[in-house]
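Listed here are the chains, written in short residue letters.
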Amino acid sequence: MTDEQSRRKRRERVEADASQAARRHRRPARLSGGQLAQRARQELAEITGLEAESVTALARADDIWSVTVELLELPRMPDTDDVLGSYEAQLDDSGELLRYRRVRRYPRSRG
């Protein structure tokens, strides 16, 4: 291998390493409001084990998204007697769940 070939290979390795480092430090892709709402709905259903009924609010403040999701906490007969919980989830721009809490519990008929 000549000196020129050796230098070229070394330069290619350095460029490949720099490219990999840049990919690692890249900020995660931002999700749309709809994607964030869907992510919050899925996360809350998975964490709580409850059925997600609907997303009722979506707001952004700085880099934090706040999503309100209604979950079915206690199914009853008839359906109008179901007990629902209103949960607020906070997510970052990439859809990572930061925290959640139940803000209200109520019968469906009084929603």
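Participant: Run through the confidence of the model for the protein chain, naming residues and quoting values.
Facilitator: The share of residues in the protein chain with pLDDT of 70 or more is 86%, and the mean pLDDT across the chain is 88. Confidence, read as mean pLDDT per element, is least for helix α1 (residues 3-25) in the protein chain (66) and greatest for strand β3 (residues 83-92) (98).

Participant: Explain the pairing of β3 to me, using residue names and the numbers behind them.
Facilitator: For β3, the tally of buried residues reaches nine of 10 residues, placing the bulk of the element in the interior. Pairing analysis gives 10 bridges linking strand β2 (residues 64-74) to β3, with the strands arranged antiparallel. Within the sheet, the bridge partner assigned to Ser 66 lies in β3 and is Gln 90. Relative to strand β4 (residues 97-107), β3 runs antiparallel, the two sharing nine bridges. Paired with Leu 84 across the strands is Tyr 106, a residue of β4. Turn length for the β3-β4 hairpin, with the two strands adjacent in sequence and antiparallel, is four residues, and the turn residue Gly 95 shows positive phi of about 95 degrees.

Participant: How would you sum up the environment of Ala 40? Please name residues and give values.
Facilitator: Tracing the chain through its elements places Ala 40 in helix α2 (residues 33-48). Ala 40 sits in the buried class, given a relative accessible area of 0%. In this view, Ala 40 contacts Val 67, Val 69, Ala 89 and Leu 91; residues no more than four positions away in its chain are not counted.

What counts and what doesn't
Residues numbered from 1 in each chain as written. Predicted model: local features only at pLDDT ≥ 70, side-chain atom pairs only at ≥ 80, totals over all residues. Heavy atoms only, no water. pLDDT = per-residue confidence, 0-100. Helix = DSSP H or I, 4+ residues; strand = E, 2+ residues; numbered from the N terminus. Buried < 20%, exposed > 50% of the residue type's maximum accessible area, 1.4 Å probe, protein only. Pairing = 2+ DSSP bridges. Contact = heavy atoms within 4.5 Å.

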